[in-house]
Amino acid sequence: MDIIETTTLKAAGIDDYLSDNSCLQKRENIFNLTQKAQEAVLCPKDYGAYNHELRHALAARICLLNNDQITADHYSFNAGTYRALIDPGNTGHDFDLGHVLNFIDKVATRPRDVTEKDIKTLQKAGVKDPDIVRLAELNSFMAYQIRLIAGLRLFKGFES
Amino acid sequence: MSELIKTFTREVPDWKPRVKPVSLDEATEAQLDALKVTPSNTKVSDYVLTLAHDVESLKVRSPLFNAIMYDKGGLKRSERELGAIAASVLNSCIYCNAVHMSRHAQLEKDTSVTDSILADGENAKLADRDSAIFQFSLKLSSCPPDVGNEDLIVLEEAGLKQDEVLDLILSTALFGWANRLMHILGDPVEPKK
């Protein structure tokens, strides 16, 4: 895959031709692996309790919690019936997902404050351990991609 | 019961999962494949067994992690570790911080940088280039990320080339990911003697 076709570079606004010598092109393997990781967390075959539409809504929500409207718009396109959950002000109670959104929001914005109690709250709400790991992976990948995109947006400064 | 570790350290702790890891006896073929379990290699950490609940992510994450931290060229290894340390300090991930402080000290054959971070955390006083790297990574790790062109100028003035800045962004961002697994899914505990 040409790396300028990856979600990460598109969202960072890097859409020009990259020469073979560009430092981004030299890390081509990393951008391609990042795209594969995105597919693994957003569209896994074994999606457990959280289907692809819900995962896209959660991803877009995490983007908005990080003030990244452009990447949020990318993910919101596939949020389907869960579109309302993209809004960080939505508590998720209409979908019986309040406990999931509380966890997602805290891990995204205040990971240092997460304790064992937060995991126990999910378990008491009936979330199975594999699904807790799935939520953590989705949230963690988004933390990575959002920061990678934020850093890459600075690269335009290098060229100017 | 193992005692929880609550402060930053360079001594690598053990890690106690908050969820039940996959049991090798009950693992699926896909999980065994991702874990690279063979009859002669059945030693797998609780951390990896925990992540095996989401086998598709696990399978992609390991090569990505290795590429970002170890691929040749660009930013030197210890400075990638410093990006990881800054993220781990900001996110309060004691386990990741210990692993990468320990690696930084080994690679540099010197503990002065990590001694300073252990003493003063985000306010550590470091030499110009290390300080530019550490402060940039703290800002990139925050929520929302808080980096702008002025931060890029500080890195350039400290001598970082474009390819080095890219590697710093990658290693810092990667620990936004790693911290949210290690710190969320388990606790650092005193290592078994």
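Every chain is numbered on its own, with residues counted from 1 as its sequence reads. In the order they appear in the text, chains get letters beginning with A and ligands get numbers beginning with 1. Whole-chain, interface and lining totals are the exception, using all residues; otherwise, since this is a predicted model, local features are given only for residues with pLDDT of at least 70 and side-chain atom pairs are given and counted only at 80 or more. Hydrogens and water molecules were not included; the side-chain quantities draw on all heavy atoms of the structure.

**A look at the interface of chain B and chain A**
Each partner contributes to the interface: chain B provides 55 residues, whereas chain A provides 51 residues. Once two parts are joined, some of their accessible surface, as seen by a 1.4 Å probe, is lost; buried area is that loss totalled over both. Between chain B and chain A lies a buried interface of about 4,500 Å² when both sides are counted; carbon and sulfur atoms form 68% of it. Take a side-chain nitrogen of Lys or Arg and a carboxyl oxygen of Asp or Glu: if they are within 4 Å of each other, that pair is a salt bridge. Counting across the interface, chain B meets chain A through two salt bridges. Here Glu122 of chain B makes a salt bridge to Arg112 of chain A, at a shortest N to O gap of 3.7 Å. Pairs of N or O atoms are called polar contacts if they sit within 3.5 Å, as long as, within protein, a hydrogen donor faces a hydrogen acceptor (for residues adjacent in sequence, only side-chain-to-side-chain pairs). The tally of links from chain B across to chain A stands at 16 residue pairs in polar contact (both at pLDDT 80 or more). Contributions of two or more residues to the side of chain B that touches chain A are made by α2 (46-51), α3 (55-70), α4 (77-90), α7 (128-141), α8 (149-157) and α9 (162-185) of chain B. Looking at the side of chain B that touches chain A element by element, the count peaks at 16 residues for α9 of chain B. It only takes one pair of heavy atoms within 4.5 Å for two residues to be counted as in contact. To qualify as a helix, a DSSP run of H or I must reach at least 4 residues; to qualify as a strand, a run of E must reach at least 2; elements of each kind are numbered from the N terminus.

**Points about α7 of chain B**
Helices are assigned an expected span. That span is 1.5 Å times one less than the residue count. Along its 14 residues, α7 of chain B runs 20 Å from first to last C-alpha, staying within 8% of the 20 Å computed at 1.5 Å per residue. When a residue's accessible area, from a 1.4 Å probe over protein chains only, is under 20% of the maximum for its type it is buried; when over 50% it is exposed; and in between it is partly exposed. For α7 of chain B, the complete set of buried residues consists of Asp130, Ala132, Ile133, Phe134, Phe136, Ser137, Leu138, Leu140 and Ser141 of chain B.

**Description of the packing of aromatic side chains**
Centre distance within 6.5 Å is the pairing criterion for rings of Phe, Tyr and Trp, where only the six-membered ring of Trp is used; planes under 30 degrees apart are then read as stacked, over 60 as edge-to-face, and the remainder as tilted. Counting across every chain of the model gives six aromatic pairs over all chains. On the basis of an interplanar angle of 80° and a centroid distance of 5.2 Å, the ring pair of Trp15 of chain B and Tyr47 of chain B is categorised as edge-to-face. Here the residue Trp15 of chain B occupies a position in strand β1 (residues 14-17), and Tyr47 of chain B occupies one in helix α2, the gap between them amounting to 32 residues. Summarising the burial analysis for this pair, Trp15 of chain B and Tyr47 of chain B share the class buried. Measuring from centroid to centroid gives 5.8 Å for Phe65 of chain B and Phe175 of chain B, while their planes differ by 65°, and the two rings are edge-to-face. With Phe65 of chain B in helix α3 and Phe175 of chain B in helix α9, this pair connects stretches of sequence that are 110 residues apart. Residues Phe65 of chain B and Phe175 of chain B agree in their burial class; the two are buried. An aromatic cluster is defined as three or more aromatic residues linked by ring pairs; in this entry it consists of Phe141 and Tyr144 of chain A together with Trp177 of chain B.

**Quick notes on the packing of helix α4 (residues 52-65) of chain A against helix α8 (residues 129-152) of chain A**
Residues and elements named next belong to chain A. In contact at an axis separation of 10 Å, α4 and α8 are set at 45° when each is read in the N-to-C sense. With respect to each other, α4 and α8 are oriented oblique. Seen along the crossing, α4 lies across α8 with a hand that is right-handed. Residue-level inspection shows Arg55, Leu58, Ala59, Ile62 and Cys63 of α4 in contact with α8, the latter providing Arg134, Leu135, Leu138, Asn139, Met142 and Ile146. Classifying every residue of the contact of α4 with α8 by side-chain character gives eight nonpolar, one polar and two charged. Between N-to-C directions, angles cover 0 to 180 degrees, with each direction set by a line fitted to C-alpha atoms, over the stretch in contact for helices. Angles below 35 degrees are treated as roughly parallel, those above 145 as roughly antiparallel, those between 65 and 115 as roughly perpendicular, and all remaining angles as oblique. Crossing handedness is read from the near helix: turned anticlockwise from the far helix by less than a right angle, it gives a left-handed crossing, and turned clockwise, a right-handed one. Polar here means any residue other than Ala, Val, Leu, Ile, Met, Phe, Trp, Tyr, Cys and Pro, which are nonpolar, and Asp, Glu, Lys and Arg, which are charged; Gly is therefore polar.

**Let's talk about the side chain of Ser22 of chain A**
Its location among the elements puts Ser22 of chain A in the loop between α1 (7-11) and α2 (23-26). One polar contact links the side chain of Ser22 of chain A to the main-chain amide nitrogen of Gln25 of chain A, over a distance of 3.0 Å.

**Quick word on the nonpolar core**
We call a set of buried Ala, Val, Leu, Ile, Met, Phe, Trp, Tyr and Cys residues a nonpolar core when their side-chain atoms join them within 4.5 Å. Counting residues in hydrophobic clusters, the biggest one holds 116 residues, and the most contacted among them are Met142, Tyr144 and Leu152 of chain A together with Ile117 of chain B. Aside from chain neighbours lying at most four places away, what touches Tyr144 of chain A is Ile30 and Thr34 of chain A together with Leu64, Ile68, Leu170, Ala173, Leu174 and Trp177 of chain B.

**Side note on unusual backbone geometry**
Residue Pro144 of chain B is reached from Cys143 of chain B by a cis peptide bond, and omega for that bond is -5°. Residue position: Pro144 of chain B is located in the loop between α7 and α8. Although it is not a glycine, Asp96 of chain A sits at a positive phi angle of roughly 55°. Relative to the helices and strands, Asp96 of chain A is located in the loop between α5 (69-76) and α6 (98-109). Of note in the backbone geometry, Lys109 of chain B takes a positive phi value of approximately 50° without being a glycine. Looking at where Lys109 of chain B falls in the secondary structure, it is placed in the loop between α5 (94-108) and α6 (112-120). According to the relative accessible area criterion, Lys109 of chain B is exposed, its value standing at 75%.

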